[in-house]
Amino acid sequence: MRGRSNELCRPYAEALLNLCREINVKGIDLWNAIQQQDDWLNTCFTDGIHFTAKASEIVVKEVLKVVREADWKPSLHRKSLPVEFPFDFGLPNSLSLSDLELTRNKNLEPPPPGPGMARL
């Protein structure tokens, strides 16, 4: 691929890690994690840019390491998050259809058909 290489990605990876440090956000150094693999170019990339299954395993390992170390407040555990949609049945704090009074919005109804016209 002309003009694109993994080595050219290094300054971008370093810049992002520097930005993460500046704004106090945990960054993941995937560039170096990939480089630590023996024959990393053939082991971790299908074409020099796109990840193989091995590289994807490295990404998952590095991301999970950060997630496990994190002490977020509020917790980002799925059971601690608010319900996004009220009809997530079986989840705590979700609504039941029997708890709601459902009404039709007449403003959204199409006008009745005129004489001699059938509604489809």
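Preceding block: the structure.
Notes on the structure follow. Just so it is clear, the structure is predicted and the values come from calculations on it, not from any experiment. (Residues numbered from 1 in each chain as written. Predicted model: local features only at pLDDT ≥ 70, side-chain atom pairs only at ≥ 80, totals over all residues. Heavy atoms only, no water.)

## Observations regarding a nonpolar patch on the surface
Spelled out, the test is: By definition, no residue in a patch forms a salt bridge, and every one has over 30% relative accessible area; like charges are joined within 9 Å, nonpolar side chains (Val, Leu, Ile, Met, Phe, Trp, Tyr) within 5 Å. Accessible surface area values rest on a Shrake-Rupley calculation with a 1.4 Å probe, where residue burial reflects the displayed protein chains alone. Salt bridge criterion: a side-chain nitrogen from Lys or Arg within 4 Å of a carboxyl oxygen from Asp or Glu. Numbered from the N terminus, helices here are DSSP runs of H or I no shorter than four residues, and strands are runs of E no shorter than two. We call a residue buried when its accessible area falls under 20% of the maximum for its residue type, exposed when it is over 50%, and partly exposed in between, using a 1.4 Å probe and counting protein chains only.
A surface patch of nonpolar side chains, amounting to about 370 Å² of accessible area, comprises Leu16, Leu19, Ile23 and Val25. If you trace the backbone, Ile23 turns up in the loop between helix H1 (6-22) and helix H2 (30-35). A residue is classified by how much of its surface remains accessible, and Ile23, at 53% relative accessible area, is exposed.

## What to know about the pattern of salt bridges
Evaluation of the coordinates by the stated rule reveals two salt bridges. With its nearest N and O atoms 2.9 Å apart, the salt bridge here joins Glu14 to Arg10. Of this pair, Glu14 and Arg10 are both found in helix H1, four residues apart, which corresponds to roughly one turn of the helix. Judged by its relative accessible area of 39%, Glu14 falls in the partly exposed class. The exposure class assigned to Arg10 is partly exposed, which follows from its relative accessible area of 32%. Put simply, Glu62 and Lys65 hold a salt bridge, and the shortest N to O gap is 3.4 Å. Taken as a pair, Glu62 and Lys65 lie in helix H4 (residues 53-69) at a separation of three residues, close to a single helical turn. Taking relative accessible area as the criterion, Glu62 reaches 15% and is therefore assigned buried. The exposure class of Lys65 is partly exposed, given its relative accessible area of 38%.

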